[in-house]
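# Topology and contacts: notes
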Amino acid sequence: MKILKIEFENINSLKGKHEIDFTKVPFTVSSLFAITGPTGSGKSTILDVISLALFNMVPRLGKISKNDIINKGALLTRNQKEAFAKVTYQAKKGIYASEWSISTNRNNNLRDYEMFLYDLATGKPLDYKKSDVPSKNEELIGLSYNQFIKSVLLAQGDFAQFLKAKKDERGELLEKITGTGIYRQVGIKVYQKFKTVNAEIDDRQREINVLQKDLLEEEVLQELTTALTQKAGMCEPLEKETRELERLKELKKNISSQQEQIAAQEKLQLNATQNLINFEKEKGEKLQQHEQVQGFAGDLRKWQNLDAGCREIKEELTRHASGVEKNRKGISQCLENITSFLKNEPATEEIESSLQAFSRNVRKLQQQRDEKLNHYRNLQERFDLELREVPFKLNGDLQAEELKLQEMKAAGENRLQELQDQLKEIDLQNIETEKIRLRELLQQGRKAQQEWVTIENLSAEIERATKEEKELLGQVANLPQEVASAKKEMQTLQKDVENLQLRKENELLKASLEQHRHNLKNGEPCPLCGSTEHPYATHLPAKNDTLQEELLKLKKELSAMERQVTSRETSLAHHQKRIGELQLLIQENRSKVEAQKRHFEEVFLKINPAGKDWEEFCNNSEEKINLLDEFEKQNRKLNAIKTGLPILTEIQNVLVEGKKIKRELDGLYSGKDIDTDCLELQNSWTSLQHQQNSLTSQGKDLNQKLTNKTAELKTLEKLLHPNISKAGCKDISEALQRLLPETEYSQLNRKREELTSQKGQIEASLKTLKTQLEELQKKDVPQSEENLLKQLQETKAQLTSLNEECEELRRKLRNDKERQAQIAAIEEDLKEVKGKIKRWELLNQLVGDATGKKFNDFAQDLSLSQLLILANRRLQDLSDRYRIDKPLEDEDDSLVAIDEHMGGQRRSVKTLSGGETFLLSLSMALALSDLASRNVEINSLFIDEGFGTLDPETLDQTLDTLEKLQAESSKTIGIISHVDSLKERIATQIRLSRNGQGYSSLEVIG
């Protein structure tokens, strides 16, 4: 799988349309490129576009829906109404383009996303639903989304953490990186399943064991029954005695409580009597004096109010005299202010008309000034509008600006003449028509260039397949003869092995007889012939010990030859199958090339009959379009300058007239608001005049009120004199002092009544309590309360002890009966359950545990071993110093780097420098890509940050390795980084930059 082109519009911060075509210069010159730019400029957006267009997913957000874009503000560029992402890629079955898009409707509401898949051989979209496009891309590419992310985007930063992690942490990281968490889930599921099916049996069996331990023997059961009957009969008389003793104890308690209440009431009686005496002593005289004057209290209060009113009127007259003097001074000061404002002194009756005439004169001048100012601003806005495309602004020196504008006019006319000379072949009277024609030529040229690249790619594929076919045919030509020769040699070895095997069997038979000969003794009969003499028991032949070694050697040679035959037969079958695939591929691609060449000649050669370089053709059309744009721009600028010159002259005239009006206005009035200032002076004068009239009228009213109230006060004094003498008071003041406020008198009188009532209630309650005490004492017994309590405690203790013993006996009998019933029920249930969990028990022993660690550790250890093998192959290209290995039992948990420059010394990766760690992590990342893409050819890789930790020499070596990898495999490799030395080393770059508005721009340089 190889990515050929990336196109997108309005994705994240990259506003507008953007295109990265890996089939064009500079990527065709060098397929190793760098994606550079500051943090947040959109480097990751390019990777988001790829995964979004293919799978409708991005690494940071997962699967994308309309609600994700609305709620998270993701993907769609701010303030834009539509976006799309398109990736053109080459797979085994052809070249395809996958497109994702989204847009808003007329109401600015976001529509749901769309996805299309195009077969570029036909140029038509394939008939798939949008939900089926990701799975179809997965089928064509041969990788799922997770495999694609791990194979194409190599996040070596995860492996830097992985290298130094402890064993348990490393397993979790490897599980995350390789996506093999299924093993942990399998272990957990097995454990949970076994635990579920086994838990019930274990619980029930434990129940039976516990219940059986607590069962009673028969003799004990009989003894408990007899004891319960005896003790139950002893409880009834004790219960009766207890009830009687409790009644007598409660009677004693009630008598004592009644006596305490009587003592408390007697104390309350004394307190109530004393409170009444104290109240009379403190407040009695005061109440008596008030009641003496209470009959004419209304007249006293009326006199008091009249006297206070007279004093208030006198004080008001004093304040009135002060206000009259203040008003006189205010009128004088206001007249001085008006004279200063008008710059002459008007007559008092003409003040209002003088202020109005002055205001009209000032407003007239201000209006003339504002009209000139508005005229100046309108001219300036008109000037700026006319010269909006000209880099020119007024700065105050209008004469100098006019001279500068004349110079710009002359320069513009010269440049316009130069452009006309360069565009002699163009009809400058119909510029828009010419631009449309040139853009169509440019578009057709780009299409022709793209189709020609496709033809070249197919031709290169044919050439590569033809070369591979030729090599395989050369290998296949000799393989049948080699297989036949090897089989013949294998048959010879088989015969030699059979002969040696027969010789060995004979040797074994002889060895058995020779053993018998060794065991013969003179005088003892032979077990075969019975003879007691054994002439052949001595001078035994020597044993052949080399036969076994020869036989083993021949068997090894035979085994090796069998493997060699199998290997060659397998290679022959594989090569023959591959040759057939290549021949089919060559035939299909030749047909495609011929069809595309015919289409190319029919469609494109008519616009470029000379067949010159298509890139030059496109550049020429694009250059003419740019010159036409510049001609239009220069023409607009020149017309703007010609229009702006007379406006500038008019601006100068308006400024002269405006300055003259301003000088006249400043000499007459320097304030901000003439109407407000005149109105304030007029209002002040009018207000002071009204105030003067009001004060004169107010003085007359106050004097009349004082005369009336004084006469009324003297009349009331004559009426009060007889009552005051009768009450024993010297004068009105003394009578007023005796008079209490109504509220205070009511509170004191109510308090006196409450104290009297409280004393009567306490005396009645005390009498009732004494009567009740006499009744209780008649029912009392002579025994003391202490003796009754002691006797009750002893009886209760005996009764409680007997009841506890009885209840304990009942509980033991009841529990024993329940246990027997439970055991029988449990044993019946377990008969059907046992024997059903054997397979789960065995599976749990092998792979199950609560966390899934057992099976996961086994699986991750195998994954780690395979990953390290692939990583060490990649590391050989990056550095010949280190190999990566798993730690031994006595070493640190982290992975181990074997230092070949130090005689194979093993050291923890934690001791490595940042650059060395990056090399190891990069090799791990490349290894994961190899592991994930084992069955799919991946020709596009993106490697993320980390190059900044390398020294210059190691960085060069790493880039050499990546260039070598790119050259050997024809891969397109992108390095995501902001390291300056990378920018110098890698000429081909996708450079991203941010502007001040939150957007980014993209530029391809090479």
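Here, the structure is the one placed above.
Reading the values: the criteria
Residues numbered from 1 in each chain as written. Predicted model: local features only at pLDDT ≥ 70, side-chain atom pairs only at ≥ 80, totals over all residues. Heavy atoms only, no water. Helix = DSSP H or I, 4+ residues; strand = E, 2+ residues; numbered from the N terminus. Buried < 20%, exposed > 50% of the residue type's maximum accessible area, 1.4 Å probe, protein only. Contact = heavy atoms within 4.5 Å. Areas by Shrake-Rupley, 256 points an atom, 1.4 Å probe, with all protein chains shown as cover. Core = buried A, V, L, I, M, F, W, Y, C linked by side-chain atoms within 4.5 Å. Pairing = 2+ DSSP bridges. Axes fitted to C-alpha atoms, helices over the stretch in contact; angles between N-to-C directions. Patch = residues over 30% accessible without salt bridge, like charges linked within 9 Å, V, L, I, M, F, W, Y side chains within 5 Å. Salt bridge = Lys/Arg side-chain N within 4 Å of Asp/Glu carboxyl O. Lys, Arg positive; Asp, Glu negative; His and termini not counted. Charge placed at Lys NZ, Arg CZ, Asp CG, Glu CD.

Here we come to the overall build of the protein. A tally of regular secondary structure across the protein gives 24 helices and 17 strands. Expressed as a percentage of its 1006 residues, the buried residues of the protein come to 36%. Summarising the internal contacts of the protein: among those between residues at least 6 apart in sequence, 73% fall at separations of at least 24. Total accessible area on the protein is roughly 61,400 Å²; 48% of this is exposed by carbon and sulfur atoms.

Take the environment of E744 next. In this fold, E744 is placed in helix α18 (residues 742–778). Judged by relative accessible area, E744 falls into the partly exposed class, the value being 27%. As for E744 and L287, which are separated by 457 residues in sequence, their C-alpha atoms are 9.9 Å apart.

Ranked by internal contacts, the top residues of the largest apolar core, which has 81 residues, are I6, L54, Y89, W100 and F148. Excluding its chain neighbours within four sequence positions, the residues that come into contact with Y89 are M1, K2, I3, L4, L54, G94, I95, Y96, L117, N137, L140 and I141. If you look at the next biggest cluster of nonpolar residues, it comprises 18 residues, including L458, V593, F600 and F604.

Read across the open sheet, the three strands follow the order β11-β12-β13; overall the sheet is antiparallel. A single partner strand is all that each edge strand has here, and the edge strands are β11 (882–885) and β13 (905–908). Neighbour to neighbour, the strand axes of the sheet diverge by 35° on average, direction disregarded. Both strand β12 (residues 896–899) and β13 contribute to a ladder of four bridges, which runs antiparallel. Note that in β13 the partner of A897 across the bridge is R907.

All right, on to a negative patch on the surface then. A cluster of acidic side chains, namely E217, E218, E219 and E223, defines a negative patch on the protein surface. If you trace the backbone, E223 turns up in helix α8 (residues 218–233). On the basis of relative accessibility, which here comes to 55%, the residue E223 falls in the exposed class.

Here we take up the pairing of strand β1 (residues 2–11). Most of β1 is tucked away, with nine of its 10 residues classed as buried. Pairing between β1 and strand β6 (residues 82–91): seven bridges, direction antiparallel. Counted as the bridge partner of E9 is F84 from β6. Strand direction decides the pairing type here: β1 and strand β2 (residues 14–21), joined by six bridges, are antiparallel. In the strand pairing of β2, I11 is matched with L14. Between the antiparallel neighbours β1 and β2 lie two residues, among them N12 with a positive phi of about 55°.

Turning our eyes to something else, we now look at the environment of I3. Relative to the assigned elements, I3 resides in strand β1. Accessibility expressed as a relative area gives 1% for I3, which makes it buried. Between the alpha carbons of I3 and T23 there is a distance of 9.3 Å; along the sequence they are 20 residues apart. The residues touching I3, leaving out its near neighbours within four places in the chain, are F22, I50, V87, T88, Y89, S940 and F942.

Another point: the pattern of salt bridges. Side chains that differ in sign of charge can pair as their charged atoms come close. Applying the stated criterion to the full structure yields 27 salt bridges. Here K136 makes a salt bridge to E139, at a shortest N to O gap of 3.5 Å. Separated by three residues within a single helix, K136 and E139 lie in helix α3 (residues 133–141), roughly one turn from each other. For the salt bridge of R906 with D885, the shortest nitrogen-to-oxygen distance reads 3.0 Å. One end of the pair, R906, is in strand β13; the other, D885, is in strand β11, with 21 residues separating them in the sequence. Its relative accessible area of 27% is what places R906 among the partly exposed residues. Among the ionic contacts, a cluster of salt bridges with common partners joins E461, R464, E468, R578 and E581.

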